[in-house]
Amino acid sequence: MAELVLERLPDEAGAAENVIELAGARKTYRTGSIEFEALRGVDLAIRTGEYVAIMGPSGSGKSTLMNIVGCLDVLTAGEYRLAGEDVGELDEVELADVRNRRLGFVFQQFHLLPSLTAWRNVELPLIYGRVPAAERRERAVAALERVGLGDKLDNRPGELSGGQQQRVAVARALVGEPALILADEPTGNLDSRSTEDVLALFDELHVQGRTIVLITHELEVAEHARRIVTVRDGLIQSDEVNPR
Ligand code: ADP
Ligand code: MG
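Residues numbered from 1 in each chain as written. Chains lettered and ligands numbered in written order. Predicted model: local features only at pLDDT ≥ 70, side-chain atom pairs only at ≥ 80, totals over all residues. Heavy atoms only, no water.

An unreviewed UniProt entry annotates the protein as Macrolide ABC transporter ATP-binding protein of Cellulomonas pakistanensis.

A look at the pairing of strand 10 (residues 235–241)
Bridge analysis of strand 9 (residues 227–232) against strand 10 gives 6 bridges, and the strand direction is antiparallel. Bridging from a neighbouring strand, Arg227 pairs with Val241 of strand 10. Counting the residues that bridge the hairpin from strand 9 to strand 10 gives 2 residues, and of these Asp233 lies at a positive phi of roughly 50 degrees. (Pairing = 2+ DSSP bridges. Helix = DSSP H or I, 4+ residues; strand = E, 2+ residues; numbered from the N terminus.)

Considering the nonpolar core
By size, the foremost hydrophobic cluster in this structure holds 40 residues, and its most contacted members are Val122, Leu144, Val147, Val168, Val170, Phe202 and Leu205. Sorting the residues of this core by element identifies strand 3 (51–55), helix 4 (118–128), helix 5 (133–146), helix 6 (162–174), strand 7 (180–184), helix 7 (192–207), strand 8 (212–215) and helix 8 (219–222) as the ones contributing at least two each. In terms of residue count, helix 6 provides more of this core than any other element does, 6 residues in total. If near-sequence neighbours (up to four positions away) are discounted, Val147 is found in contact with Arg167, Val170, Ala171, Leu174 and Leu201. Membership of the second largest hydrophobic core comes to 30 residues, among which are Ala25, Leu75, Val98 and Ile215. (Core = buried A, V, L, I, M, F, W, Y, C linked by side-chain atoms within 4.5 Å. Buried < 20%, exposed > 50% of the residue type's maximum accessible area, 1.4 Å probe, protein only. Contact = heavy atoms within 4.5 Å.)

Overview of the UniProt feature "domain: ABC transporter" (unreviewed entry) in the protein
Annotation from UniProt places "domain: ABC transporter" (unreviewed entry) at residues 20–241. Helix makes up 35% of residues 20–241 and strand 30%, and the two end C-alpha atoms of the span are 17 Å apart. (UniProt positions renumbered as here; feature names shortened; annotations may be inferred.)

Concerning the sheet that holds strand 9
Taken in spatial order, the 6 strands of this open sheet run 6-7-8-3-9-10, and their pairing is mixed. If you trace the sheet from one side to the other, it starts and ends with strand 6 (103–107) and strand 10, each paired once. Recorded for the sheet is a direction-independent mean angle of 15 degrees between the axes of neighbouring strands. Set on the sheet, helix 2 (residues 62–69) makes contact with strand 3, strand 6, strand 7, strand 8 and strand 9; between it and strand 7 the angle comes to about 155 degrees. Together, strand 6 and strand 7 form the strand contacts of helix 3 (residues 92–102), whose direction differs from that of strand 6 by roughly 85 degrees. (Axes fitted to C-alpha atoms, helices over the stretch in contact; angles between N-to-C directions.)

Here it is in structure tokens:
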């Protein structure tokens with residue numbers, strides 16, 4: 001008995017590892033001689049398997065935070081660790097590699113390539129990751145089936161509804177088995193029915209153990225997450241468990 005418990009401990013500790021660790025995070029933008037501090041000292045840790053919404057009014061620093069967390073930009077001061085890796089010292093090429101290996105992005109505007117079929121869009125991260133063609137096809141199909149689009153593999157984005165296009169984007173975010181899915185206003189361009197669809201999909205992914213960070217300015221959307229972090233004037237204003 002004691003042996004069993006001891007054997008299981010490392011796994012449990014591993015499951016609680018931080019995917020995101022920001023410490024004293026500051027971001028200063030310079031426009032000519034004018035400086036603006038968009039993040040003014042943010043401490044934030046997000047563990048594996050969490051579903052976190054980041055909320056805040058326009059101009060509060062959400063996109064700045066998303067760009068940092070998504071390795072699209074780097075901090076001016078402070079530390080950012082992604083899946084244990086200090087990304088502060090990386091150059092552009094290394095950051096692109098970290099993005100491809102660790103992150104799955106879902107954007108408000110879907111960002112699908114209009115000339116490619118659904119499965120060809122979904123396989124893209126795997127091409128950058130140098131996965132062989134047959135495996136790419138297999139994984140893209142599995143990801144599309146996962147989001148309920150197994151019957152739309154060969155449709156181009158223009159032949160799909162907004163909600164379906166966003167589900168293709170979610171499949172593309174999933175296909176590389178990222179440590180984190182990062183969604184920036186993913187329902188911002190969807191009608192209420194498709195919004196429910198996509199949010200239900202995120203709920204399922206969370207239950208299946210995915211780590212999700214969802215950026216939104218809408219409380220109804222944020223309330224799907226299990227933890228709600230509010231940003232204001234470049235600082236975390238509140239960080240609460242959502243009892244829902
Ligand atoms: P949000 O996404 O919450 O609306 P942002 O992170 O986009 O907020 O912006 C936070 C603040 O930083 C705003 O005051 C914005 O004007 C400023 N800002 C954002 N990007 C830049 C930039 N590239 N150069 C200068 N100021 C910027
Ligand atoms: Mg923004």
